[in-house]
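# Observations on the model geometry
This is what each chain is made of:
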Amino acid sequence: MYIAPITFLNGKNFNKLKQVAFTGIDYQKGKKDFDEINKDFDEVYDRFTKTDFTSTTFEAVKEQSKIANDLEQLSMRYKILDEFLNDGVNLKANVGEKITEFLRAQSLLSSDCGFNKIIGHDDIKTKLNKEFAIDKILKSQVAENVEVPNSILFFGPTGCGKTYFATALAEQTLSNVSLIDATNALNEEDVFDEILKLAQKSKDNFDKTGKRTMIVLNESDFVLYKESPIENKFIDFVKDCSDKYKCTMFLSTNNPLDISDKILSKELTPLRVPLPNPDEKSIFMYLKQKIHKINSSVSIPKIMSYINDDKTRCYSFSSLNNLLEMAAKEDPKLGEEVILNILKSQGNSLSIRTASLNVFKDAVKILC
């Protein structure tokens, strides 16, 4: 839970914060928006002065948390409006209202939606929320001539959640999500036909609701390789799909270097997102979340101790999920010894292959 910074627990500092956003800003250009945010600050500050921050009762802590969250969102609204005004873009009407609505909708995403469902990768989530969700998707709603990327590449070792992450980003931008698995198609032409079908659906939906669509193409290297039968047609489509169809292609792959260089050019695919295998902290959080839902007596540190002892093994979220599925078949209660025995006997087969890790490292060097 986000805890109120101690600097907020002082009226003098709070008032100073209220004035920061007016420094160096073209106040007249955004006066209405700043007035609205300032009005909200006054309302929060009134609640702030009436709240006992020394109390630990349930109601007091609940109100303290609410004030902290409101302050965080107000500060973000100031920051975003500040950046938009300083960018010199031609802003549309009701900018402050749209920023507020977007941030509030993000904050209300459920635990299994958007970045809330992604364990770890905090730096990547922060970067993408800023550079794509805010600077592109939100800005396209409040400013003229904002170019939303036509294509984004997601790549990483096998089983590290690239498609899952791409879907989460789409949800984080409050967009619709469509998924295509290239491995399930009979041929490349069928995949391209499906892309066009979903793109037209995106355009129709945007005209009705104003919401964009993110089309996630899983295992995209299967159909977008160099000299693929659809390579040139896809290039013609993707070069203006964001503007024409109001959609962005999310290209997910384990083998990004197999995709056509033309498609991965910075003009067509400006954002390349490498997703590494989960680190120790992320693995701990994942196992605790999954195992303790069924058996809270299992010692996660004990399981982590075994995992960390063998440095030759490297796990993905997918392989960890396979581990728990195997354990559940032997013991639906996910007993600790069962999990450890499977790790000892099946650990090598569950580990990410060295070849996949090397492909990822090479791709990072070349593409990033």
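Refer to the structure above for everything that follows.
The structure displayed is predicted, hence computed values, not measured ones. (Residues numbered from 1 in each chain as written. Predicted model: local features only at pLDDT ≥ 70, side-chain atom pairs only at ≥ 80, totals over all residues. Heavy atoms only, no water.)

Another aspect to go through is the nonpolar core. By size, the foremost hydrophobic cluster in this structure holds 43 residues, and its most contacted members are Ile99, Leu128, Phe132, Leu138, Phe154, Phe165 and Phe250. Counting residues per element, the ones that place at least two in this core are α2 (31–49), α3 (58–86), α4 (95–107), α5 (122–142), β1 (151–155), α6 (162–172), β3 (213–218) and β5 (271–274). Tallying contributions element by element places α3 first for this core, with eight residues. Grouped together as the second largest cluster of nonpolar side chains are 30 residues, Ala182, Phe192, Leu198 and Leu217 included. (Core = buried A, V, L, I, M, F, W, Y, C linked by side-chain atoms within 4.5 Å. Buried < 20%, exposed > 50% of the residue type's maximum accessible area, 1.4 Å probe, protein only. Helix = DSSP H or I, 4+ residues; strand = E, 2+ residues; numbered from the N terminus.)

Attention now goes to the pairing of β3. Burial within β3 is extensive, with six of its six residues counted as buried. The alternating pattern of β3 places Thr213, Ile215 and Leu217 and Met214, Val216 and Asn218 on opposite faces, both of which are buried. Alignment of strand β2 (residues 176–181) against β3, held across six bridges, turns out to be parallel. Along β3, the bridge assignment pairs leucine 179 with valine 216. Crossover β2 to β3 through helix α7 (residues 188–209) is right-handed. The sheet contact formed by β3 and strand β4 (residues 247–253) spans five bridges and is parallel. (Pairing = 2+ DSSP bridges. Right-handed = clockwise from strand over helix to strand, strands pointing away.)

All chains considered together, the criterion is met by 17 salt bridges. Between glutamate 43 and arginine 47 there is a salt bridge, with the nearest N and O atoms lying 3.4 Å from each other. Of this pair, glutamate 43 and arginine 47 both sit in helix α2, four residues apart, which is roughly one turn of that helix. Close ionic contact of lysine 117 with glutamate 171 constitutes a salt bridge, the shortest N to O distance being 3.2 Å. Here glutamate 171 lies in helix α6 and lysine 117 lies in the loop between α4 and α5, a separation of 54 residues in the sequence. By the burial criterion, lysine 117 is buried, and glutamate 171 matches it. Where salt bridges share partners, they join Glu43, Arg47, Glu63, Lys66 and Asp70 into one cluster. (Salt bridge = Lys/Arg side-chain N within 4 Å of Asp/Glu carboxyl O.)

In this section: the packing of aromatic side chains. Here the structure, examined in full by the defined rule, presents 11 aromatic pairs. Taking 6.1 Å as the distance between ring centres and 50° as the angle between the ring planes, the aromatic pair formed by phenylalanine 234 and phenylalanine 237 counts as tilted. Residue phenylalanine 234 and its partner phenylalanine 237 are both found in helix α8 (residues 231–238); the two are separated by three residues, about one turn of the helix. Both residues of the pair, phenylalanine 234 and phenylalanine 237, belong to the buried class. Here the guanidinium or amino end of lysine 117 rests over the ring plane of tyrosine 164, the centre of that ring lying 4.7 Å away. (Phe/Tyr/Trp six-rings, centres within 6.5 Å; stacked < 30°, edge-to-face > 60°. Lys NZ or Arg CZ within 6 Å of the ring centre and 35° of its normal.)

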